[in-house]
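Each chain, written out:
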Amino acid sequence: MKVAILISPYKFSVLDLVEKRADALTTSLQQIVIDEIKKSSRRALPFSRFMELSLYHPDWGYYQTKQMKLGKEGDFFTNAHVGDLVGKVLGRVFHKWSHKPYVIVEMGPGDGRLTEAVIGSLLQLGVSPDMIQFFLVETSDYMRQCQQKRLSGLPISCKWASHILELPKVPFAIVYSNELVDAFPVHRICQVGENLQEVCVTFDEDQEIFHEVLAPLSTTALQHFIQDFEIKLTEGQVIEVNLQAYDWLKELASWMETGYLLTIDYGGTQEELFNSVRKNGTIRYYRHHQILDDPYSLFGEIDMTSHVNFSSLMKWGEELEFQTVGFQTQGAFLLDQGILDLVPVVPASNPFSPEAKQMRAMQQLIHPDGMGEVFRVLVQKK
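Owing to the predicted nature of the structure, the values given are computational and were not obtained by experimental measurement.

Draft legend 1. How the structure looks around unusual backbone geometry. The omega torsion of the bond from Lys100 to Pro101 falls at 0°, within 30 degrees of zero and hence cis. Residue Glu208 is not a glycine yet carries a positive backbone phi of 60°.

Now the structure itself:
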């Protein structure tokens, strides 16, 4: 099968990589990827499969290994690391939504600090601990241990599962996630003349390097996505397509009888993300809070992420009987849900006081130049 070399949209290019011999490929994950490439009929893997192996391989994937990913010692922060304000607001929201008993599910709970803040908020609102059933869906044994350690002192019993379908069905539930969907493996497609091509990853045995190539679309689902969402790309434009988000919603819909689904993530509408100004898509690679140009020399050790297409979540959700209740920026959502009620009663006495820290955290969460604009909140009801 013919493939064409793709000049990478990042600072490094395939040509640059050819000129520089990579370090010896010794890690187990690298060998696993190489072996799978060799077995592939096109001698290349769709980028989505490469990303899946890099992040979620059960032994060597980034999210499965025993290393801290979050916070100052990790590779990235979430809004939960700004303080407990988001959790406090969510607790208030869930208090308004929920039936008794409270059945709440967090998907991909990270280090558990958002869970802790949500539970703390419900308890402060007077909810009895025996009226809260809290489930955490987590695939990483290491992250589950971190969560259990953090939550062990709470007066409620949290339960863990590796998959939403492992949980018992209930009449009403609230399911939420925070920076989960952005880490789903994505296909990357590119407009080449009149045709769509898919970004794939191959391995040059002579040069001992991974590099990107273009090949025909690996699944008809990509073509259906382009048609269903009426996508029009400009020459050379690359976009990400998150097909796994549909599978995720489908499983949630099959598990949930009635309830709410709340998704917090960075991203935007289809019009925002697929604008021709974003010529190279939104895929990003992080290590120690720095954006990397090259995802291939350290894969398995870096975070990979792309902006969430909330238009697809809303359209797919409606097909699966989820009604869109609200879609806002994080700043607007937090303001509408009363974050200003949490302004410290006592004015900040000095810039290092708890009151001053809370005010700075609030500003970072709601201000357009902080997290307020880039993060979006989608509320769907079934």
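There's plenty left to go through after this.
Draft legend 2. Seen up close, a nonpolar patch on the surface. Together, Leu335, Leu340, Val343 and Met359 line one region of the surface with nonpolar side chains, adding up to about 320 Å² of accessible area. With respect to the helices and strands, Leu340 occurs in the loop between α11 (330–336) and α12 (354–366). Given the relative accessible area of 49%, Leu340 is considered partly exposed.

Draft legend 3. Spatial organisation of the confidence of the model for the protein chain. Averaged over all residues, the pLDDT of the protein chain is 87; the fraction at 70 or higher stands at 87%. Within the model, the stretch residues 1–26 combines pLDDT values under 50 with 53 contacts to residues more than four positions away or in other chains.

Draft legend 4. The arrangement of the pairing of strand β12 (residues 284–287) in detail. Two elements, β12 and strand β14 (residues 303–305), share 3 bridges in a ladder whose sense is antiparallel. From the neighbouring strand, Arg284 faces β14, where its bridge partner is Thr305. Pairing analysis gives 2 bridges linking β12 to strand β13 (residues 290–291), with the strands arranged antiparallel. Paired with Tyr286 across the bridge in β13 is Ile291.

Draft legend 5. Structural view of the sheet that holds β12. If you trace the 3 strands from one edge of the open sheet to the other, you get β13-β12-β14, paired in antiparallel fashion. Single-partner strands in this sheet number two, and they are β13 and β14. Relative to β14, helix α3 (residues 47–56) is tilted by about 140°, and along the sheet it contacts β12 and β14.

Draft legend 6. Looking closely at the pairing of strand β10 (residues 238–241). Going residue by residue along β10, you find Val238 and Glu240 tucked away on one face and Ile239 and Val241 tucked away on the opposite face as well. Relative to β10, strand β7 (residues 187–192) runs antiparallel, the two being bridged by 4 bridges. Residue pairing across strands places Cys190 opposite Val238, the latter belonging to β10.

Draft legend 7. Geometry of the side chain of Arg376. You can see Arg376 is positioned in strand β17 (residues 375–381). Classification of Arg376 as buried rests on a relative accessible area of 9%. A polar side-chain atom of Arg376 sits 3.1 Å from a polar atom in the side chain of Glu272. Within polar-contact distance, the side chain of Arg376 engages the backbone oxygen of Glu373 at 3.0 Å. Residue contacts for Arg376: discarding those within four places in its chain leaves Thr263, Ile264, Asp265, Gly267, Gly268, Glu272, Phe310, Phe327, Gln328, Thr329 and Gln330.

Draft legend 8. Helix α2 (residues 28–39), seen in detail. Between its terminal C-alpha atoms α2 stretches 17 Å, which fits the 16 Å expected from 12 residues at 1.5 Å a residue. Restricting attention to buried positions, one finds in α2 the residues Leu29, Gln30, Val33, Ile34 and Ile37. One side of α2 carries all its buried residues, which in axial view fall inside an arc of 140°. Buried residues along α2 sit against β2 (45–46), α3, β8 (195–204) and β9 (209–215).

Draft legend 9. Broad picture of the packing of aromatic side chains. Inspection of the entire model under this criterion finds 18 aromatic pairs. Residues Phe184 and Trp248 carry aromatic rings whose centres are separated by 5.8 Å and whose planes lie at 70° to one another, so their mutual orientation is edge-to-face. Within this pair, whereas Phe184 is found in the loop between β6 (173–178) and β7, its partner Trp248 is found in helix α8 (residues 243–255), the two being separated by 64 residues in sequence. Trp248 shares its class with Phe184; the two are buried.

Draft legend 10. Main features of empty space enclosed by the protein. If you walk through the whole model with that rule in mind, you get 1 cavity of 30 Å³ or more. Quantified by volume, the largest cavity comes out at close to 170 Å³. Looking at the largest cavity, it is lined by 22 residues, and the ones nearest its centre are Glu240, Leu273, His307, Val308 and Asn309. Every element with two or more residues in the lining of the largest cavity is listed here: β10, β15 (308–309) and α10 (310–319). The biggest single contributor to the lining of the largest cavity is β10, with 4 residues.

Draft legend 11. Just the packing of α2 against α3, in detail. Two elements in contact, α2 and α3, have axes whose closest approach is 10 Å; the angle formed by their N-to-C orientations is 155°. Compared by their axis directions, α2 and α3 come out roughly antiparallel. In this structure, the crossing between α2 and α3 has a hand that is right-handed. Between α2 and α3, the residues in contact are Leu29, Val33 and Glu36 and Arg49, Phe50, Leu53 and Ser54, respectively. Along the lines of polarity and charge, the residues of the contact of α2 with α3 split into 4 nonpolar, 1 polar and 2 charged.

Thresholds, definitions, all that
- Residues numbered from 1 in each chain as written.
- Predicted model: local features only at pLDDT ≥ 70, side-chain atom pairs only at ≥ 80, totals over all residues.
- Heavy atoms only, no water.
- Patch = residues over 30% accessible without salt bridge, like charges linked within 9 Å, V, L, I, M, F, W, Y side chains within 5 Å.
- Areas by Shrake-Rupley, 256 points an atom, 1.4 Å probe, with all protein chains shown as cover.
- Salt bridge = Lys/Arg side-chain N within 4 Å of Asp/Glu carboxyl O.
- Helix = DSSP H or I, 4+ residues; strand = E, 2+ residues; numbered from the N terminus.
- Buried < 20%, exposed > 50% of the residue type's maximum accessible area, 1.4 Å probe, protein only.
- pLDDT = per-residue confidence, 0-100.
- Contact = heavy atoms within 4.5 Å.
- Pairing = 2+ DSSP bridges.
- Axes fitted to C-alpha atoms, helices over the stretch in contact; angles between N-to-C directions.
- Polar contact = N/O pair within 3.5 Å; in protein donor to acceptor, adjacent residues only side chain to side chain.
- Expected span 1.5 Å × (residues − 1).
- Arc of directions from axis to C-beta.
- Phe/Tyr/Trp six-rings, centres within 6.5 Å; stacked < 30°, edge-to-face > 60°.
- 1 Å grid on protein atoms, 1.4 Å probe; cavity = no way out; pocket = protein on both sides within 12 Å on 5 of 7 lines; lining within 4 Å.
- Points joined across faces, edges and corners; volume = space filled by probe spheres on them.
- Parallel < 35°, antiparallel > 145°, perpendicular 65-115°, else oblique.
- Left-handed = near helix turned anticlockwise from the far one by under 90°.
- Nonpolar A, V, L, I, M, F, W, Y, C, P; charged D, E, K, R; others polar.

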